[in-house]
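# Remarks on the overall topology
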Number of protein chains: 2
Amino acid sequence: FEGEDTDPTLARRFAFWCEADKLKSVYRATPIADGSRKENTGEHSWHIMLYALTLADHAEAGVDIALALKMLLLHDIVEVDAGDTPIHGAVTPEALKAQEEAEIKAADRLFGLLPEDQGAMFRAIWEEFEAAETPTAVYAKSIDRTQPVLHNLSDDGGSWRTYDVKLHQLDARVGVKIARGCPKLWPYIRSQCEPWFVSRNAL
Amino acid sequence: FEGEDTDPTLARRFAFWCEADKLKSVYRATPIADGSRKENTGEHSWHIMLYALTLADHAEAGVDIALALKMLLLHDIVEVDAGDTPIHGAVTPEALKAQEEAEIKAADRLFGLLPEDQGAMFRAIWEEFEAAETPTAVYAKSIDRTQPVLHNLSDDGGSWRTYDVKLHQLDARVGVKIARGCPKLWPYIRSQCEPWFVSRNAL
Ligand SMILES: [Ca+2]
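Residues numbered from 1 in each chain as written. Chains lettered and ligands numbered in written order. Predicted model: local features only at pLDDT ≥ 70, side-chain atom pairs only at ≥ 80, totals over all residues. Heavy atoms only, no water.

### Comments concerning the overall build of chain A
Cut-off, in case you're wondering: Elements are defined by DSSP. Helices are runs of H or I of four residues or more, strands are runs of E of two residues or more, and each kind is numbered from the N terminus. Only C-alpha atoms enter the radius of gyration; for comparison, a globular chain is expected to reach 2.2 Å times N to the power 0.38, where N is the number of residues. Each residue is assigned to one of three classes by its accessible area relative to the maximum for its type, calculated with a 1.4 Å probe on protein chains only: buried under 20%, partly exposed between the two thresholds, exposed over 50%.
Per the secondary structure count, chain A includes ten helices and two strands. Ordered by position from N to C terminus, the α and β elements of chain A give α-β-β-α-α-α-α-α-α-α-α-α. On C-alpha atoms alone, chain A measures out to a radius of gyration of 18 Å, which is about the 17 Å that the 2.2 N^0.38 rule sets for 203 residues. Viewed in the frame of its principal axes, chain A has a C-alpha envelope of about 70 × 35 × 35 Å. When the 203 residues of chain A are sorted by exposure, 52% land in the buried category.

### Comments concerning the packing of aromatic side chains
Residues and elements named next belong to chain A. For clarity, the threshold we go by: Any pair of Phe, Tyr and Trp rings, taking the six-membered ring for Trp, is counted once the centres come within 6.5 Å. Such a pair is stacked with planes under 30 degrees apart, edge-to-face with planes over 60 apart, and tilted for the rest.
Scanning the entire structure with this criterion turns up 14 aromatic pairs over all chains. An angle of 85° between the planes, with centres 4.9 Å apart, marks the rings of Trp196 and Phe197 as edge-to-face. Taken as a pair, Trp196 and Phe197 share a single burial class, namely buried. Taken together through their ring pairs, the aromatic side chains of Phe16, Phe111, Phe122 and Trp126 make up a single cluster.

### Brief notes about the coordination of the calcium ion
Residue and element names in this part refer to chain A. Defined as follows: Metal-coordinating donors are taken as N, O and S atoms lying within 2.8 Å of the metal, or within 3.2 Å when the metal is Na, K or Ca; because water is left out, some sites can appear incomplete.
Within the protein, Asp76 (OD), Asp76 (OD) and Glu79 (OE) serve as the donor atoms for the calcium ion, at 2.8 to 3.2 Å. Classification of Asp76 as buried rests on a relative accessible area of 9%. Among the residues examined, Glu79 registers a relative accessible area of 5% and is labelled buried.

### Some details on the relation of the copies chain B and chain A
Two copies of a chain can be linked by a rotation about an axis combined with a shift along that same axis. Stated precisely, the cut-off is as follows: Here the copies are matched by least squares. The fit uses the C-alpha atoms of residues with pLDDT of at least 70 in both. Every residue pair with non-hydrogen atoms within 4.5 Å of one another is taken to be in contact.
Rotating chain B by 180° about the axis while translating it 0.0 Å along that axis superimposes it on chain A, leaving an RMSD of 0.0 Å. Expressed as an axis order, the relation between the two copies is that of a two-fold axis. Closest approach to the rotation axis among the C-alpha atoms of chain B is made by Glu43 of chain B, whose C-alpha sits 2.0 Å away. Residue by residue, 100% of the interface of chain B is reproduced at the interface of chain A, so both copies engage with the same surface.

### As for the interface of chain B and chain A
As a reminder, the rule being used: We define buried area as the total accessible area lost by two parts upon association, computed with a 1.4 Å probe and summed across both. Counted as salt bridges are all cases of a side-chain nitrogen of Lys or Arg within 4 Å of a carboxyl oxygen of Asp or Glu. By the criterion applied in these results, polar contacts are pairs of N or O atoms within 3.5 Å in which, for protein atoms, one can donate a hydrogen and the other can accept it, and in which residues neighboring in sequence qualify only through two side-chain atoms.
The interface is formed by 51 residues belonging to chain B together with 51 residues belonging to chain A. For the chain B and chain A pair, buried surface summed over both sides reaches about 4700 Å², with 68% attributable to carbon and sulfur atoms. Of all residues in chain B, the largest losses of buried area upon contact with chain A belong to Trp17, Lys24 and Trp46 of chain B, amounting jointly to 18% of the total for that side. Where chain B packs against chain A, one counts four salt bridges. Note that Glu39 of chain A and Lys24 of chain B form a salt bridge whose closest N and O atoms lie 2.6 Å from each other. The interface formed by chain B and chain A holds 26 residue pairs in polar contact (both at pLDDT 80 or more) in total. Of all elements in the fold, only α1 (10-20), β2 (38-40), α2 (41-54), α3 (65-74), α6 (116-131), α7 (135-154) and α10 (185-199) of chain B reach the threshold of two or more residues within the side of chain B that touches chain A.

### Observations concerning the pairing of strand β1 (residues 27-31) of chain A
Quick note on the threshold: In this scheme, strands are said to pair when DSSP sees at least two bridges between them.
Here β1 of chain A lies mainly inside the structure; four of its five residues are buried. The turn linking β1 of chain A back onto strand β2 (residues 38-40) of chain A is made up of six residues, and Gly35 of chain A within it adopts a positive phi angle of 75°.

Function cannot be inferred from these measures alone, as they are strictly geometric.
Next comes the structure, spelled out in structure tokens:
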């Protein structure tokens, strides 16, 4: 009976799922599309996976869409401990370094809840995403940047209003990374954004 | 220039993503794990994908985990129009039939927003999930049933309290489907649940 019907690692996975659940209470700078409230990191992760699947034909050679989905599924779990860093917030190099260290500690703790082989596998996927070197990671990063732009657009500026963002800042902070993973996507998105920045005299 | 840099289907995809975003405002009967509020369908979809990846070693022969992730990513999008049907709510055969019809209309509208080939592909994935016949669909259905049980457990009964659920009802409504996709998972989960039902004299 024993060993056939029980799996001693299930309790560890349960602990991991419950900790990961806290992403549903981590709120981001960008709103949900109707602007009625801020978006949490759990639902954000689902939504960008939908983008990743829908934009598969924009992915460059060598991108593994199934792996990109796994990356986006796992990429923000460290925010349970380390919180979200708004991309348009004023961030000093010191703060960025502290954030990076906090995320590594968070990865140690959170992936460490899992059975060892599984924790190592998840962590490797997260590290590949963070390094942004492989085609799949570059694509996943591009997707992660795309969705907030469209939400800001549909909410009359969203976090661009909060942080008084100019178009050239959007180009530098967001556009470069979207274009790196999805070269034909950025010109379209930029053309959609430009009128809003022009109307606010915020080039 | 034209055709190189613009993609006429992007506006349709944008419309689809914005409609899908409304899942973040569809609230389910089960709470998030800390019991502080009800869970919405967007974040639920993310969370069960995490379960599906973490339980891959419990999947039976023939299950394609990448496809299971896609199923879970898309499986609840029809709720944007059709809403959520709590599994423990009193449901008549007439209401179930009406719900099914509402979901088919929702699938027509929502997947119809996408470029045709993409909409057809997404819809085929959703239909395979709904039919619950292929090993991958059976696995994905099992995962979809598993997470709410664990949230109810961690919230002193959660929606079992709301709907006055007995253990034999949990067996019939939930256990059978979990066991079908993950045979070794259900005995563990049931053993975790039993004390709560015993303590409430609700076998
Ligand atoms: Ca993030």
